[in-house]
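Residue-level listing of the chains:
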Amino acid sequence: MKLTILGCHSATPRWDAHPTSQILEVKGHLFLIDCGEGTQVQLRRYKVKFARIKHIFISHLHGDHFFGLVGLVSTFRLLGREADLHIYGPKGIKEAITLQLKLGKSWTNYGLYFHELDHTESEVVFEDDSVIVKTIPLEHRVYTNGFLISEKITERPLNINACRNLGIDKIYFNKIKQGGDVKAEDGSVIKNETLTLEPGAPKSYAFCSDTVYLPSIVPIIKGATMIYHETTFLESHKDLAIKTKHSTAKEAAIIARDAEVGGLIVGHYSGRYNDYEDFKKEAQTVFENVIVGYDGLEVSF
């Protein structure tokens, strides 16, 4: 998995502080997560290929998380896109986007599909042979979800050295990779486990968008390889976090610790702060492996 943060700041965008948007590359997919104002400019800045984005996940309908969406959808049209585009987000997102396209007489010439969400329990919203995406129900001022993106357990990779040592013909390689055993020349059966290697542990990424401190998400994201959790405020402004239904750096760290995740990325900083290292320092009083999110950050895990 490779994560690129296009923007991780709250409220109004600035030239040096872009609102929330991320790209996650996993198993051949390029998922766009949230699409704040200016996202397509950031996609160009970090050389992301527009055509590879086929699934967009929107956490909630606050402007700093989706105001860039209609512009991106329109640009896809101008670029001559032909591939279908799937958008997953709260109920109402279809109306918000299609009304603007209609009024601007700029309806797409490619398939545009909306998958509107309104469940308050975690649900699968996308799945194929290699990846599964589930919602993480959050609590904010409007209906909000995070997203847990997980690799599926892959097939056992071929152990080339073992096959060569045992004189296995290449014509059996596909059968072996599909889990089959092979019969040797003497009639004995060579078990698949002898000819393959253990698959790597599947990785997962949890995107926890705007939310109050919410321990109920811990079982959903338990053991995730990496999580991003909003940290709009420090503990010194916890009263504001409560009032606006956001989280502090310490609260995000408690979630990371209790969920036993591999690492925590902090972000969605309030504009009142200048030194984002303070968020890392506060979080590390609870959970050690903390990464300070910033525009352009790339993390592979």
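This one's a predicted model, so the numbers in the text were calculated from it and none came from an experiment. (Residues numbered from 1 in each chain as written. Predicted model: local features only at pLDDT ≥ 70, side-chain atom pairs only at ≥ 80, totals over all residues. Heavy atoms only, no water.)

Let's shift gears to the overall build of the protein chain. Counting secondary structure elements, the protein chain contains eleven helices and 16 strands. Evaluated residue by residue, the protein chain yields a buried proportion of 53% over its 301 residues. Excluding contacts between residues fewer than 6 apart, the proportion of contacts in the protein chain whose partners are at least 24 apart in sequence is 65%. For the protein chain, the accessible area works out to roughly 14,400 Å², and carbon and sulfur atoms hold 50% of it. When the 35 basic and 38 acidic side-chain charges of the protein chain are each reduced to a single mean position, those positions are 5 Å apart. (Helix = DSSP H or I, 4+ residues; strand = E, 2+ residues; numbered from the N terminus. Buried < 20%, exposed > 50% of the residue type's maximum accessible area, 1.4 Å probe, protein only. Contact = heavy atoms within 4.5 Å. Areas by Shrake-Rupley, 256 points an atom, 1.4 Å probe, with all protein chains shown as cover. Lys, Arg positive; Asp, Glu negative; His and termini not counted. Charge placed at Lys NZ, Arg CZ, Asp CG, Glu CD.)

Its place among the elements puts His65 in helix H2 (residues 63–66). In this structure His65 comes out as buried when scored by relative accessible area, which is 1%. At a separation of 3.5 Å, a polar atom in the side chain of His65 contacts the side chain of Asp64. Beyond its immediate sequence surroundings of up to four residues, His65 is in contact with Thr20, Asp34, Cys35, Gly36, Ile58, Ser59, His60, Ser209, Asp210 and His268. (Polar contact = N/O pair within 3.5 Å; in protein donor to acceptor, adjacent residues only side chain to side chain.)

Turning next to the pattern of salt bridges. When the charged atoms of two side chains lie near each other, side chains of opposite charge can form a pair. Following the criterion strictly, the structure yields ten salt bridges and no others. Across the pair Glu298 and Lys2 runs a salt bridge whose closest N-O atoms are separated by 3.6 Å. Of the two residues, Glu298 sits in strand E16 (residues 298–300) while Lys2 sits in strand E1 (residues 2–7), which places them 296 residues apart along the sequence. Note that Glu139 is salt-bridged to Lys245, the shortest N-O span being 3.6 Å. Of the two residues, Glu139 sits in strand E8 (residues 131–139) while Lys245 sits in the loop between helix H9 (238–244) and helix H10 (249–259), which places them 106 residues apart along the sequence. (Salt bridge = Lys/Arg side-chain N within 4 Å of Asp/Glu carboxyl O.)

Another aspect to go through is the packing of aromatic side chains. Inspection of the entire model under this criterion finds 13 aromatic pairs. On the basis of an interplanar angle of 15° and a centroid distance of 4.7 Å, the ring pair of Phe57 and Tyr88 is categorised as stacked. Taken as a pair, Phe57 in strand E4 (residues 53–57) and Tyr88 in strand E5 (residues 85–90) lie far apart in primary sequence, 31 residues in all. Ring plane angle 15° and centroid distance 4.1 Å describe the contact between Tyr269 and Tyr276, whose orientation is recorded as stacked. Classification of Tyr276 as buried rests on a relative accessible area of 19%. Taken together, the ring pairs connect Phe31, Phe57, Tyr88, Phe126 and Phe147 into an aromatic cluster. The ring centre of Phe76 lies 4.5 Å from the NZ or CZ of Arg81, which sits over that ring. Over the aromatic face of Tyr110 sits the side chain of Arg81, whose NZ or CZ is 5.4 Å from the ring centroid. (Phe/Tyr/Trp six-rings, centres within 6.5 Å; stacked < 30°, edge-to-face > 60°. Lys NZ or Arg CZ within 6 Å of the ring centre and 35° of its normal.)

Attention shifts here to unusual backbone geometry. For Lys47, which is not a glycine, the phi torsion comes out positive at approximately 55°. Examined against the element boundaries, Lys47 turns out to sit in the loop between helix H1 (39–45) and E4. Among the residues examined, Lys47 registers a relative accessible area of 73% and is labelled exposed. One non-glycine residue with positive phi stands out, namely Lys245, at about 60°.

Quick look at helix H3 (residues 69–78) now. Burial of H3 is extensive: seven of the ten residues sit out of reach of the surface. Among the residues of H3, Leu69, Val70, Leu72, Val73, Ser74, Thr75 and Phe76 are the ones counted as buried. Among the residues trailing H3, Gly80 stands out with phi positive, at a value near 80°.

This brings us to the nonpolar core. Residues Leu24, Val133, Tyr205 and Leu264 are the most contacted members of the largest nonpolar core, which totals 57 residues. The element best represented in this core is H10, accounting for six residues. With sequence-adjacent residues up to four places away left out, Leu24 is seen in contact with Met1, Lys2, Leu3, His29, Leu30, Phe31, Ile33, Ile149, Tyr205 and Phe301. In this structure, Leu43, Ile53, Ile87 and Tyr110 belong to the second largest nonpolar core, which totals 25 residues. (Core = buried A, V, L, I, M, F, W, Y, C linked by side-chain atoms within 4.5 Å.)

This part covers the sheet that holds strand E6 (residues 112–117). An order of E6-E5-E4-E3-E2-E1-E16 is seen for the seven strands of this open sheet, with the pairing classed as mixed. Because the sheet does not close on itself, it has two edges, and the strands there are E6 and E16. Along the sheet, successive strands turn relative to each other by an average axial angle of 20°, direction set aside. In the packing of H3 onto the sheet, contacts are made with strand E3 (29–35), E4, E5 and E6, and the angle to E5 comes to roughly 170°. Of the strands in this sheet, E5 and E6 touch helix H4 (residues 93–103), which is tilted by about 150° from E6. (Pairing = 2+ DSSP bridges. Axes fitted to C-alpha atoms, helices over the stretch in contact; angles between N-to-C directions.)

With mixed pairing, seven strands are arranged side by side in an open sheet as E7-E8-E9-E12-E13-E14-E15. The open sheet has two edge strands, strand E7 (124–127) and strand E15 (290–292), and neither has a second partner. Going from strand to strand, the sheet's axes swing by 20° on average, the running direction of each strand aside. Relative to strand E9 (residues 143–151), E8 runs antiparallel, the two sharing nine bridges.

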